[in-house]
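# Structural overview for review
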Amino acid sequence: VWHVAAHEVGHAIYNLASVQDCFSQPGNVSLLEEPRAELTALFTLKLLFEQDVLTRPQLDKAVAHFALDALRYFAKYDSE
């Protein structure tokens with residue numbers, strides 16, 4: 001759950017949809033925004049660990065869930 005909230009905050013921080021008109025192809029907004037939101041989520045997990053909010057086993061579990069959740073993109077976009 002830790003990474004989901006941070007991911008959504010990442011969308012709010014970058015809010016690339018507000019400058020969508022600046023892109024030659026509006027679809028590029030998603031290509032840029034999703035990775036930035038994911039990086040925000042990972043960085044938040046790191047900060048939570050450094051501030052002793054998460055223990056190492058909790059961090060490991062959260063990162064594993066984060067990685068497994070990311071695998072759904074392969075199924076979603078039929079990646080090979």
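Preceding block: the structure.
The paragraphs below set out a description of the structure included in this document. (Residues numbered from 1 in each chain as written. Predicted model: local features only at pLDDT ≥ 70, side-chain atom pairs only at ≥ 80, totals over all residues. Heavy atoms only, no water.)

## Comments concerning the environment of R36
By the secondary structure assignment, R36 is in helix 2 (residues 28-50). Take R36: its relative accessible area is 37%, and that puts it in the partly exposed class. (Helix = DSSP H or I, 4+ residues; strand = E, 2+ residues; numbered from the N terminus. Buried < 20%, exposed > 50% of the residue type's maximum accessible area, 1.4 Å probe, protein only.)

## Brief notes about the nonpolar core
Counting 5 residues, the largest nonpolar core consists of L45, L48, L54, L59 and A62. Taken together, the elements giving at least two residues each to this core come down to helix 2 and helix 3 (56-70). Once residues lying within four places of it in the same chain are set aside, the contact partners of L59 are L45, F49 and L54. (Core = buried A, V, L, I, M, F, W, Y, C linked by side-chain atoms within 4.5 Å. Contact = heavy atoms within 4.5 Å.)

## A look at unusual backbone geometry
Not every positive phi belongs to a glycine, and D52 is a case in point at roughly 60°. With respect to the secondary-structure elements, D52 resides in the loop between helix 2 and helix 3. Assessed through its relative accessible area of 68%, D52 is described here as exposed.

## Looking at the packing of aromatic side chains
Under the criterion given, the structure shown has 0 aromatic pairs. Above the plane of the ring of F49 lies R56, whose end atom (NZ or CZ) is 5.8 Å from the centre. (Phe/Tyr/Trp six-rings, centres within 6.5 Å; stacked < 30°, edge-to-face > 60°. Lys NZ or Arg CZ within 6 Å of the ring centre and 35° of its normal.)

## A closer look at the pattern of salt bridges
A complete count under the given rule lists 2 salt bridges for this structure. Among the ionic pairs, E50 bridges to K46, the shortest N-O distance being 2.6 Å. On the criterion of helical spacing, the pair formed by E50 and K46 is a turn pair, its members being 4 residues apart in helix 2. E50 gets classed as partly exposed once you look at its relative accessible area, which sits at 43%. Assessed through its relative accessible area of 39%, K46 is described here as partly exposed. Put simply, D60 and R56 hold a salt bridge, and the shortest N to O gap is 2.9 Å. Of the two residues, D60 and R56 both sit in helix 3, 4 residues apart, roughly one turn of that helix. (Salt bridge = Lys/Arg side-chain N within 4 Å of Asp/Glu carboxyl O.)

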